[in-house]
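What follows is the residue order along each chain.
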Amino acid sequence: MTVHTTFDSPLGELLLIGDERPDGTLALASLSVPGQKGGAAVPADSRPDPAVFAEAVRQLTAYFAGELHDFDLPTAPRGSAFQERVWAAIDVIPYGTTTTYGAIAERVGTSRAGVRAVGTAIGANPLLLVRPCHRVIGADGALRGYAGGLDRKEYLLVHEGALAARVR
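Residues numbered from 1 in each chain as written. Predicted model: local features only at pLDDT ≥ 70, side-chain atom pairs only at ≥ 80, totals over all residues. Heavy atoms only, no water.

(A) Local environment of the overall build of the chain. Counting its secondary structure elements, the chain contains five helices and six strands. Moving toward the C terminus, one meets the helices and strands of the chain in the order β-β-β-β-α-α-β-α-α-β-α. For 168 residues, the compact-globule estimate of 2.2 N^0.38 gives 15 Å, and the chain sits close to it at 16 Å. Among the 168 residues that make up the chain, the fraction classed as buried is 46%. Restricting the contact set of the chain to residue pairs at least 6 apart, pairs at least 24 apart contribute 56%. Summed over its atoms, the accessible surface of the chain is roughly 8300 Å², and 54% of this surface lies on carbon and sulfur atoms. Charge separation in the chain, taken as the distance between the mean sites of 16 positive and 18 negative side-chain charges, equals 9 Å. (Helix = DSSP H or I, 4+ residues; strand = E, 2+ residues; numbered from the N terminus. Rg over C-alpha atoms; globule rule 2.2 N^0.38 Å. Buried < 20%, exposed > 50% of the residue type's maximum accessible area, 1.4 Å probe, protein only. Contact = heavy atoms within 4.5 Å. Areas by Shrake-Rupley, 256 points an atom, 1.4 Å probe, with all protein chains shown as cover. Lys, Arg positive; Asp, Glu negative; His and termini not counted. Charge placed at Lys NZ, Arg CZ, Asp CG, Glu CD.)

Laid out in structure tokens, this is it:
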């Protein structure tokens, strides 16, 4: 059964979609932000069930409070074999650090020409925050592509201490 809930965060209202397992546990399938490029919509056959998302909400709350650095949630990724290799490489980027698209391409065994494919796979990440694609930046240090928007990417990197806050 597909279930969903929302969570008010510093990034705006997050939409969480999950697959409820027969034992009542949840596998998180999607976490998206308002206006996200390629973001999820509530499936027609989904039912709201905030209770099954209690652990996900607890961990998100702790993350935004600066008390949690690594999410530990069952997930149900839905991607190609290549996307899942890229996503696995993103999963191990430590909190408070960044890496480059080129480094991810190397890690998954893709040539330098494959960096664009890596960027596309990262852009298709259905689990923003939980799978930290915001920690991937350009080789020149520039913030590049983030399905949730570059302002949110900057916020997350500042929150994690990987980027100094910019004076505006």
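Next, the rest of the story.
(B) Here's a closer look at the sheet that holds strand E1 (residues 2-9). Taken in spatial order, the four strands line up as E3-E2-E1-E4 in an open sheet, and their pairing is mixed. Pairing within the sheet leaves two strands with one partner each, and these edge strands are strand E3 (26-32) and strand E4 (47-48). Sheet topology note: the strand E2 (residues 12-20)/E3 ladder contains six bridges and is antiparallel. Directly across from Asp19, in E3, lies its bridge partner Ala27. (Pairing = 2+ DSSP bridges.)

(C) Representation of the nonpolar core. In terms of nonpolar packing, the biggest core is built from 40 residues, with Leu14, Leu16, Leu31, Leu60, Phe64, Val86 and Leu129 touching the most fellow members. When residues of this core are traced back to their parent elements, those giving at least two are E1, E2, E3, helix H1 (54-64), helix H2 (81-91), helix H3 (101-107) and helix H4 (115-123). Sort the elements by how many residues they give to this core and H1 lands first, with five residues. (Core = buried A, V, L, I, M, F, W, Y, C linked by side-chain atoms within 4.5 Å.)

(D) Region of the structure containing the pattern of salt bridges. Going through the model one piece at a time under the given rule, you end up with seven salt bridges. Among the salt bridges present, the one from Glu55 reaches Arg58, with a minimum N-O distance of 2.6 Å. Of the two residues, Glu55 and Arg58 both sit in helix H1, three residues apart, roughly one turn of that helix. On the basis of relative accessibility, which here comes to 46%, the residue Arg58 falls in the partly exposed class. Between Arg144 and Asp140 there is a salt bridge, with the nearest N and O atoms lying 2.6 Å from each other. In this structure Arg144 comes out as partly exposed when scored by relative accessible area, which is 39%. Relative accessible area serves as the criterion here: at 56%, Asp140 is assigned to the exposed category. Among the ionic contacts, a cluster of salt bridges with common partners joins Glu20, Arg47 and Asp49. (Salt bridge = Lys/Arg side-chain N within 4 Å of Asp/Glu carboxyl O.)

(E) Main features of the layout of surface pockets. Roughly 540 Å³ of internal volume is contained in the largest pocket. The wall of the largest pocket is formed by 27 residues, among which Gly119, Thr120, Ile122, Gly123 and Ala124 lie closest to the centre. Elements with a contribution of two residues or more to the lining of the largest pocket: E3, H3 and H4. Partitioning the lining of the largest pocket into residue classes produces eleven nonpolar, 13 polar and three charged. Looking at the second largest pocket, its volume works out to about 220 Å³. Lining the second largest pocket we find 15 residues, and of these Phe71, Asp91, Val130, Arg131 and Pro132 sit closest to its centre. Each residue belonging to the lining of the second largest pocket can be placed in one class, and the counts come to eight nonpolar, two polar and five charged. (1 Å grid on protein atoms, 1.4 Å probe; cavity = no way out; pocket = protein on both sides within 12 Å on 5 of 7 lines; lining within 4 Å. Points joined across faces, edges and corners; volume = space filled by probe spheres on them. Nonpolar A, V, L, I, M, F, W, Y, C, P; charged D, E, K, R; others polar.)

(F) Region of interest: the side chain of Ser30. Tracing the backbone through its elements, the reader meets Ser30 in strand E3. Looking at Ser30, the relative accessible area reads 9%, which means it is buried. Excluding residues within four positions of it along the chain, Ser30 makes contact with Leu15, Leu16, Ile17, Ala40, Pro126 and Leu127.

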